[in-house]
Amino acid sequence: MSTSSPPRFDVLGVSVHALTLEEAVQRVLAARSGAPLGYVCFCNAHNIVESRDNPGLRSAMNGAFLAAPDGMPLVWLGRLHGNRNMTRVYGPDLMLAVCDAGRKTGASHYFYGGADGVAGELARALAARFPGLKVAGASMPPFHEHSDAEFAAFRAEISRTKPDFLWIGLGAPKQELFMAHHAAQLDAGLLLGVGAAFDFHSGRVAQAPRWMQRGGLEWLFRLCCEPRRLGRRYLITTPRLALLALLQLLARRKSTPVS
């Protein structure tokens, strides 16, 4: 695997890495060097469109160690930009792959996020699924913004456990902003904002069948499961991304001189 950064393509001001899931797993595992290396964002229609109105979120995703194409619309856009071999880098899948492969080197994991009890359930579920998995700890964030004392206590816990991978499940855009603001202050190798993976792998929420994921229909499955919570995201945000990204591509092609 090349040590240089993978190519990137622009989607509405967010610079997304064009890579495969296998390449992303290798880069994450190779990043385990004992020194803080930043954070990984998983880009999808929701947080890309949100970043249009939130410069802080856009800056957070552009500053990531990896800004991975989590949703199929990002993969299709990346291929239109000429990155024909890229694939979806789905946060829940990357979490499983890193937990599995990291056992060979004794990589340690800390799980931070979810509702009451979810982080602990996730840690237990993954430890049962991957015997020998090294769990450094698990905890739930407060429902409000961290006070100075609360963040100091969390920072001390991370300094004590020193996880190689700190998995963050706060939901977008909170997790991206949290990682951008605090990654340099936390004694962890790499932070990864995987959101719904906490609910999926703890068993609290069902995942879409693989055929729906591969066909870009996961949104439909999740919308049917949680229409009130996800209705606006999928019925407004995703079509907005498609329209804005199409206009961006047409403008780029129009401005490209004919040879």
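**Points about the packing of aromatic side chains**
Okay, step 1: In this structure the tally under the stated criterion is five aromatic pairs.
Okay, step 2: Pairing tyrosine 110 with phenylalanine 154 gives two aromatic rings, centres 6.3 Å apart and planes at 70°, and the pair type is edge-to-face. Of this pair, tyrosine 110 sits in strand 5 (residues 108–113) while phenylalanine 154 is found in helix 7 (residues 148–161), placing the two residues 44 residues apart along the sequence.
Okay, step 3: We classify tyrosine 110 as buried; its relative accessible area is 1%.
Okay, step 4: Its relative accessible area of 6% is what places phenylalanine 154 among the buried residues.
Okay, step 5: Among the aromatic side chains, those forming a connected cluster through ring pairs are Tyr110, Tyr112, Phe154 and Phe178.

**Quick look at the sheet that holds strand 8 (residues 190–193)**
Okay, step 1: Here six strands make up an open sheet; going across it, the order is 4-3-8-7-5-6 and the pairing parallel. In this open sheet, the two edge strands, each paired with only one partner strand, are strand 4 (66–69) and strand 6 (134–139). Averaged over neighbouring strand pairs, the angle between their axes works out to 20° when direction is ignored.
Okay, step 2: Here strand 3 (residues 39–43) pairs with strand 4 via four bridges, running parallel. Bridge pairing in strand 4 places cysteine 41 opposite alanine 67.
Okay, step 3: Helix 3 (residues 55–62) contacts strand 3 and strand 4 of the sheet and is inclined by roughly 115° relative to strand 3.

**Overview of the pairing of strand 5**
Okay, step 1: Buried residues dominate strand 5, accounting for six of its six residues.
Okay, step 2: Bridge count between strand 5 and strand 6: five bridges; the pairing is parallel. Along strand 6, the bridge assignment pairs histidine 109 with valine 135.
Okay, step 3: Two elements, strand 5 and strand 7 (residues 165–169), share five bridges in a ladder whose sense is parallel. When the sheet's bridge partners are listed, tyrosine 112 is paired in strand 7 with isoleucine 168.

**Structural notes on the nonpolar core**
Okay, step 1: Counting 40 residues, the largest nonpolar core has Val11, Ile48, Phe154 and Leu166 as its most contacted members.
Okay, step 2: Membership of the second largest hydrophobic core comes to 32 residues, among which are Leu21, Val118, Leu122 and Leu192.

**Let's talk about the pattern of salt bridges**
Okay, step 1: Under the criterion given, the structure shown has five salt bridges.
Okay, step 2: Residue aspartate 93 pairs with arginine 210 through a salt bridge whose shortest N-O separation is 2.8 Å. Here the residue aspartate 93 occupies a position in helix 5 (residues 91–101), and arginine 210 occupies one in helix 10 (residues 210–214), the gap between them amounting to 117 residues.
Okay, step 3: We classify aspartate 93 as buried; its relative accessible area is 15%.
Okay, step 4: For arginine 210, a relative accessible area of 43% corresponds to the partly exposed category.

**Let's talk about the environment of valine 89**
Okay, step 1: Of note, valine 89 is situated in the loop between helix 4 (72–80) and helix 5.
Okay, step 2: Taking relative accessible area as the criterion, valine 89 reaches 0% and is therefore assigned buried.
Okay, step 3: With 98 residues separating them in the primary sequence, valine 89 and aspartate 187 have C-alpha atoms 26 Å apart.
Okay, step 4: In contact with valine 89, other than residues within four places in its own chain, are Leu19, Thr20, Leu21, Ala24, Phe42, Ala68, Pro69, Asp70 and Leu94.

What counts as what
Residues numbered from 1 in each chain as written. Predicted model: local features only at pLDDT ≥ 70, side-chain atom pairs only at ≥ 80, totals over all residues. Heavy atoms only, no water. Phe/Tyr/Trp six-rings, centres within 6.5 Å; stacked < 30°, edge-to-face > 60°. Helix = DSSP H or I, 4+ residues; strand = E, 2+ residues; numbered from the N terminus. Buried < 20%, exposed > 50% of the residue type's maximum accessible area, 1.4 Å probe, protein only. Pairing = 2+ DSSP bridges. Axes fitted to C-alpha atoms, helices over the stretch in contact; angles between N-to-C directions. Contact = heavy atoms within 4.5 Å. Core = buried A, V, L, I, M, F, W, Y, C linked by side-chain atoms within 4.5 Å. Salt bridge = Lys/Arg side-chain N within 4 Å of Asp/Glu carboxyl O.

Read these as geometric descriptors, not functional statements.
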